[in-house]
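Here are the chains, one letter per residue:
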Amino acid sequence: MGRKADKNHRRAMRTDDTDDDTVSTVSTATSSDFGHHEVEERDENTVLDGFVDALYEKRAKVREAALKGLINALKTSVLIDFVDDKHETLLHLCIGSLKKGVSSEAAFASQLIGLMAVTTGAGDVAQHILSEASAYLIKAAKFGSDSKARIAALEALALTCFVGSTNYEATEEIMDVLWQMSKRKGSSHPDQALGMTRAMPEVRAAALSAWTFLMTEIPTTRIVSQHMAQCSSALLSILENDEQNVRIAAGEAIAVVFEARSTIRSQYYADPSSTDASSALCRKNFENRETELVDLIKGLALEAGGKGQGNKKSQRSSFKEIHSVLKGEDVETSLKLQQGDSLILNSWIQVIQMKFLTGILAEGLQKHLQENTLLHEIFSFVPQQGKRKTLTSTEKRMYMSPNSVLNKARTQNMNRRRSQVHAWQIGQFGAEDVGSD
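A brief look at the structure comes next. (Residues numbered from 1 in each chain as written. Predicted model: local features only at pLDDT ≥ 70, side-chain atom pairs only at ≥ 80, totals over all residues. Heavy atoms only, no water.)

Further remarks concern the overall build of the protein chain. A tally of helices and strands in the protein chain yields 19 helices and two strands. With 437 residues in all, the protein chain has 44% of them scored as buried. At a minimum sequence separation of 6, the contacts of the protein chain that also span at least 24 residues come to 70%. (Helix = DSSP H or I, 4+ residues; strand = E, 2+ residues; numbered from the N terminus. Buried < 20%, exposed > 50% of the residue type's maximum accessible area, 1.4 Å probe, protein only. Contact = heavy atoms within 4.5 Å.)

As C-alpha cells, then:
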C-alpha cells in the first residue's frame, strides 16, 4: 500500500516507550508488581501458543475453536510481535483450512489472515501474506460453499491487498476480481469454466464494498480516469433494479468517485496515463449520466422504494448521507475514543475506510485506534500519550472526598489567601484614609 511503515523505526518507538515506562515504574513498583506482570505476559503467550498448537488437531471443532481464540486475541490486542514471529506458521495453517476445511472453518481462517495483515501493518510481512494467501482467498470468495465463508474471504482479500500491496496496478487486479463478483454472473453450481458460483445479494454487496474500500487507496486521478466510467452503467443499473444492501454499496462507491473528482477539479482529468480516446469516452459517458445518477440517489434518499425495500428508514439514512457527498457538502464525522481522545473523519473516503475496518475489528476498534500504527497512518491520527488513570476507591477517598487530605489542604490554602487579600484591602483603605487627612 502507499503508506509504507518503517518496521524497525516502529519497533524502536515501541522500545523507547517501554524503556520510559520502565524507568518511571521502577521507582514505585514492588517486586510483587513485576512478578504479576510477568505472570500475565507468560500466561498470554501460553494461551496463544496453545491456540496455534490446536490448529494441528484432526478434529475440525478443535481447529475452529483455536481460530476463534486467535481472532478474538488479534481483535482485542495489537499483537505485532506475535504476528511477526508466527505469521509463516499461521499462514500455512490458515491456507490448509481454506483448502480442505468446512465452510465455518474456512470463514474463520479468512478472518485470521485479514487480522494478521491489519496487525502487522505495511511491510514485508504484509506483502508476504498477500502473495501467499491471495489465490486461496480468491478461490474461497468465488466458490465458497456458503455466503458467510465467501464474505469472510472477500473481506480478508481486500484487507491483505490494502495493507500489503505495493502499487496501484496490483491493487486494481484484486479490484477487478471483486468487481466481477459484484455483478450478476456465474452459475448456481461451481464450475471453473463459468468463473464463479452465483453470488447471493449479501455476497455481491460485500464484494462491492470491498471494491470501494480498495478504491480509497489508489490515487484520486486514477479513480476519475479509470473507474468513474463504471458508475455510469453497472452501478446505475444496480441502483435502479437491485436488492437494498447492494444498492447502498453501489451508492457508497458512487460517492467515492464524486468526492475524488471534486478534489482534483483544479487539474480536472489531469492523469497523464489516461489521455487515450477510450478513457476520454468513459469520462464522457459518466458526464452524460451524472444528472440521472444524482436524481436517482436523491429519490432513494427521500422514498427508499424499489425492489427489496427492506428497512426504508435505514436506506433513507444511507442515501441522504450519500446524496450530501454528491452535492459537494463537507463531510465531517467525530468519533469519541478512550482516554479522552476523539478522531475527526473529514472525507467520505475516510468514512468508507472506517466503516470497513469497524466491520472487521468490531469491539476491538477502540484498542486498535489507540495502539495500531497502521490505523494511525490511515487516519493521520496521533493518540494521547498518557493514559488516564483509574483511581481505586481508597485513592478516591484520599484525593476526591471533601474530607480528604488534599481537599483539606486546598481549603486551608484558599482561606489563607482570602485572609491575605482581606488584610491587604484593609491596609489599602487605611492608607487612603491617611492620605485624605
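Our next topic: helix α9 (residues 201-215). Taking 1.5 Å per residue as the helical rise, α9 with its 15 residues ought to reach 21 Å, and the 21 Å between its terminal C-alpha atoms agrees with that figure. Counting buried positions over the 15 residues of α9 gives 12, a clear majority of the element. Looking only at α9, the buried set comprises V203, R204, A205, A206, A207, L208, A210, W211, T212, F213, L214 and M215. Contact partners of the buried residues in α9: α7 (147-164), α8 (168-182), α10 (220-227), α11 (234-241), α12 (244-263) and α15 (348-361). (Expected span 1.5 Å × (residues − 1).)

This part takes up unusual backbone geometry. At A362, a position not held by glycine, the phi torsion is positive, near 50°. With respect to the helices and strands, A362 occurs in the loop between α15 and α16 (365-371). The exposure class of A362 is partly exposed, given its relative accessible area of 35%. The backbone phi angle of S380 is positive, close to 50°, even though this residue is not glycine.

Below, the discussion takes up the layout of surface pockets. The calculated volume of the second largest pocket comes to roughly 300 Å³. Residue lining of the second largest pocket: 16 residues in total, with A205, S209, E252, K355 and F356 positioned closest to the centre. Contributing elements (two or more residues each) for the lining of the second largest pocket: α9, α12 and α15. The class makeup of the residues in the lining of the second largest pocket is eight nonpolar, four polar and four charged. (1 Å grid on protein atoms, 1.4 Å probe; cavity = no way out; pocket = protein on both sides within 12 Å on 5 of 7 lines; lining within 4 Å. Points joined across faces, edges and corners; volume = space filled by probe spheres on them. Nonpolar A, V, L, I, M, F, W, Y, C, P; charged D, E, K, R; others polar.)

All right, on to the pattern of salt bridges then. Taken as a whole and assessed by the stated rule, the structure comprises six salt bridges. Residues K86 and D49 are paired through a salt bridge, measuring 3.8 Å at the closest nitrogen-oxygen approach. Highlighted residues: K86 in helix α4 (residues 80-100) and D49 in helix α2 (residues 31-54), separated in sequence by 37 residues. Note on K86: relative accessible area 28%, which makes it partly exposed. A salt bridge links E329 to K327, with the shortest nitrogen-to-oxygen separation between them at 3.1 Å. A relative accessible area of 40% places E329 in the partly exposed class. (Salt bridge = Lys/Arg side-chain N within 4 Å of Asp/Glu carboxyl O.)

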